[in-house]
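For reference, the chains in residue letters:
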Amino acid sequence: VTTTGDRAGPVRPRRQRRIMSQLLSPDSPCRETQRETMLPEAEESAAAEPASSSAEEPPYSLRNELRFFFSQGVPLCLSAILEWGAPPLITMFFAGSTPDSAHLQSALGYGRVYFNVSMLMVMLGLSAYLW
């Protein structure tokens, strides 16, 4: 998954992550209070300078990519699954192992829909007026 940037050549995903983290950091010079406009000749000279190797980003290798994946990607994936998908699936799994489980599963499904429509949507709609 490489895209072509302003310069000739592909932009690597790790470089994209580093650039986005620099732009989104609180002490970033790109914030509105400290924003500076770059003149076209300054952009050309900045593009002509070779990229310095950053001490925080290790060089590309399979070992470094796997370490990054297991230290960042897996915890983020687990948190997303636990936040949105695992509790309803586990509830249905436990409900499916009971006798007469079809009625229990349908009651759980209807209860979830009833809560989402009658309570959650109303609370989210009212919160739009507060923020």
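Sequence order as written defines the numbering, with residues in each chain counted from 1. Confidence filtering applies because this is a predicted model: local features only for residues at pLDDT of at least 70, side-chain atom pairs given and counted only at 80 or more, and all residues used for totals across whole chains, interfaces and linings. Only hydrogens and water are removed before side-chain values are computed, so all heavy atoms of the structure are retained for them.

**Student:** I tried to follow the overall build of the chain on my own but got confused; where do I start?
**Tutor:** A run of H or I in DSSP counts as a helix once it spans at least four residues, and a run of E counts as a strand once it spans at least two, with each numbered from the N terminus. Looking only at helices and strands, the chain features 4 helices and 2 strands. Secondary structure elements of the chain, listed N to C terminal, follow the sequence β-β-α-α-α-α. When a residue's accessible area, from a 1.4 Å probe over protein chains only, is under 20% of the maximum for its type it is buried; when over 50% it is exposed; and in between it is partly exposed. Looking at the 131 residues of the chain, the share that counts as buried comes to 8%. Note on contacts: a residue pair is in contact if any heavy atoms of the two residues lie within 4.5 Å. Across the chain, the fraction of contacts at a sequence separation of at least 24, relative to all contacts at a separation of at least 6, is 32%. All accessible areas in this document rest on Shrake-Rupley with a 1.4 Å probe, and a residue is counted as covered only by the protein chains that are shown. Entry remark: accessible area of the chain is about 11400 Å², with carbon and sulfur atoms responsible for 66%.

**Student:** Explain the packing of helix H3 (residues 62-96) against helix H4 (residues 101-130) here, please?
**Tutor:** The angle between the axes and the distance between the axes are what describe a pair of packed helices. Interhelical geometry of H3 versus H4 gives an angle of 155° and a closest axis separation of 8 Å. The angle between the axes of H3 and H4 places the two elements in the roughly antiparallel class. As for the relative orientation of H3 and H4, their crossing is right-handed in sense. Contacts between H3 and H4 pair Pro88, Thr91, Met92, Ala95 and Gly96 from the former with Ser101, Leu104, Gln105, Leu108, Gly109 and Arg112 from the latter. To define axes, lines are fitted to C-alpha atoms, for helices over the stretch in contact only, and angles between the resulting N-to-C directions are given on a 0 to 180 degree scale. In what follows, roughly perpendicular refers to angles from 65 to 115 degrees, roughly parallel to angles under 35, roughly antiparallel to angles over 145, and oblique to any angle outside these ranges. Less than a right angle of anticlockwise turn of the near helix away from the far helix marks a crossing as left-handed, whereas a clockwise turn marks it as right-handed.

**Student:** Could you clarify how one ought to interpret unusual backbone geometry in this entry?
**Tutor:** Outside of glycine, negative phi angles account for most residues, and trans bonds account for most peptide bonds. Unusually for a residue other than glycine, Asp100 sits at a positive phi of about 60°. By the element assignment, Asp100 lies in the loop between H3 and H4.

**Student:** Can you walk me through the side chain of Ser101 in this structure?
**Tutor:** Residue placement: Ser101 occurs in helix H4. Judged by its relative accessible area of 19%, Ser101 falls in the buried class. Excluding residues within four positions of it along the chain, Ser101 makes contact with Ala95 and Gly96.

**Student:** Just to check I follow, could you spell out a nonpolar patch on the surface for this structure?
**Tutor:** The patches described consist of residues with a relative accessible area above 30% and no salt bridge, like charges being joined within 9 Å and nonpolar side chains (Val, Leu, Ile, Met, Phe, Trp, Tyr) within 5 Å. By definition, a salt bridge exists where a carboxyl oxygen of Asp or Glu is found within 4 Å of a side-chain nitrogen of Lys or Arg. A cluster of nonpolar side chains, contributed by Leu62, Leu66, Phe69 and Phe70, occupies part of the molecular surface with about 450 Å² of accessible area. Mapped onto the elements of the fold, Phe69 is located in helix H3. For Phe69, a relative accessible area of 44% gives the class partly exposed.

**Student:** How should the side chain of Asn64 be read in this particular structure?
**Tutor:** On the secondary structure map, Asn64 appears in helix H3. Judged by its relative accessible area of 10%, Asn64 is buried. Not counting residues up to four positions away in its chain, the partners in contact with Asn64 are Arg14, Pro58 and Pro59.

**Student:** Just to check I follow, could you spell out the packing of aromatic side chains for this structure?
**Tutor:** One pair of aromatic rings is described through two measures. These are the centre distance and the angle between the planes. Between rings of Phe, Tyr and Trp, where Trp is taken as its six-membered ring, a pair exists when centres lie within 6.5 Å; planes separated by under 30 degrees are stacked, by over 60 edge-to-face, and by other angles tilted. For the coordinates displayed, the defined rule picks out 2 aromatic pairs. Between Phe69 and Phe70 the ring centres are 5.0 Å apart and the planes differ by 75°, which places this aromatic pair in the edge-to-face class. Between the aromatic rings of Phe93 and Phe94, the centroid separation amounts to 5.8 Å while the plane-to-plane angle is 55°, which identifies the pairing as tilted. In this pair, the class of Phe93 matches that of Phe94, namely exposed.

**Student:** Where do I start with H4 in this structure?
**Tutor:** Working note: α-helix, 3.6 residues per turn, so residues spaced by three or four point in the same direction. One less than the residue count of a helix, multiplied by 1.5 Å, gives the span that helix is expected to have. With 30 residues, H4 extends 42 Å from end C-alpha to end C-alpha; this agrees with the ideal 44 Å at 1.5 Å per step. Bend, in this description, refers to the angle at a residue between axes fitted to the seven residues ending there and the seven starting there. Of all the bends in H4, the largest measures some 35° and sits at Asn116.

**Student:** Explain the environment of Leu104 to me, please; I cannot follow it from the model alone.
**Tutor:** When you line up the elements, Leu104 lands in helix H4. You can call Leu104 partly exposed: its relative accessible area is 36%. Expressed as a C-alpha distance, the spacing of Leu104 and Met92, which sit 12 residues apart in the sequence, is 8.8 Å. Non-local contacts of Leu104, meaning those with residues more than four positions away in its chain, are made with Ala95 and Thr98.

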